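Breakdown of the fold
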Amino acid sequence: MIVTVEETKKWLRIDGDDEDSLLDMLIKAAETYLYNATGIEYTADNQLAKLYCLVLCADWYGNRTLIGQQPSEKVRFTCQAIMTQLQNTGGDADD
């Protein structure tokens, strides 16, 4: 797992446990999205992969779009920039 529910709640500034199952689903979808786009399994040690998943989760959570959709226009550039770096580093944790 790249990010935890607790990290995602902190990123989204969510208190309480009411949304935990939704957040868990969004995290799994974001990690799958990242894997499908790169073919690389990232770990929590890769800060870019963590940031990518958090940004994608925040976008999906805030917009409540269907899981697996493209990121919204407002985060598309951020996601594309991070994805390019992730693809070029080959999953190195230190990048």
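Thresholds, definitions, all that
- Residues numbered from 1 in each chain as written.
- Predicted model: local features only at pLDDT ≥ 70, side-chain atom pairs only at ≥ 80, totals over all residues.
- Heavy atoms only, no water.
- Helix = DSSP H or I, 4+ residues; strand = E, 2+ residues; numbered from the N terminus.
- Buried < 20%, exposed > 50% of the residue type's maximum accessible area, 1.4 Å probe, protein only.
- Areas by Shrake-Rupley, 256 points an atom, 1.4 Å probe, with all protein chains shown as cover.
- Axes fitted to C-alpha atoms, helices over the stretch in contact; angles between N-to-C directions.
- Left-handed = near helix turned anticlockwise from the far one by under 90°.
- Contact = heavy atoms within 4.5 Å.
- Nonpolar A, V, L, I, M, F, W, Y, C, P; charged D, E, K, R; others polar.

**Section: the overall build of the protein chain**
Counting its regular elements, the protein chain contains four helices and zero strands. Here the protein chain holds 95 residues, and the buried ones make up 41% of them. For the protein chain, the accessible area works out to roughly 5600 Å², and carbon and sulfur atoms hold 48% of it.

**A few points about the packing of helix α1 (residues 5–12) against helix α3 (residues 47–63)**
Following both chains from N to C, one finds α1 and α3 inclined at 60 degrees, their axes separated by 10 Å at the closest point. The chirality of how α1 crosses α3 is right-handed. From α1, Glu7, Thr8, Trp11 and Leu12 reach across to α3, where they touch Lys50, Leu51, Leu54, Val55, Cys57, Ala58 and Tyr61. Grouping the constituent residues of the contact of α1 with α3 by class yields eight nonpolar, one polar and two charged.

**Regarding the side chain of Thr8**
Looking at where Thr8 falls in the secondary structure, it is placed in helix α1. Under the relative-accessibility criterion, Thr8 is labelled buried at 1%. Here Thr8 is in contact with Val3, Leu23, Ile27, Leu54 and Cys57, once residues within four sequence places are set aside.

Shape is all these values report; function is a separate question.
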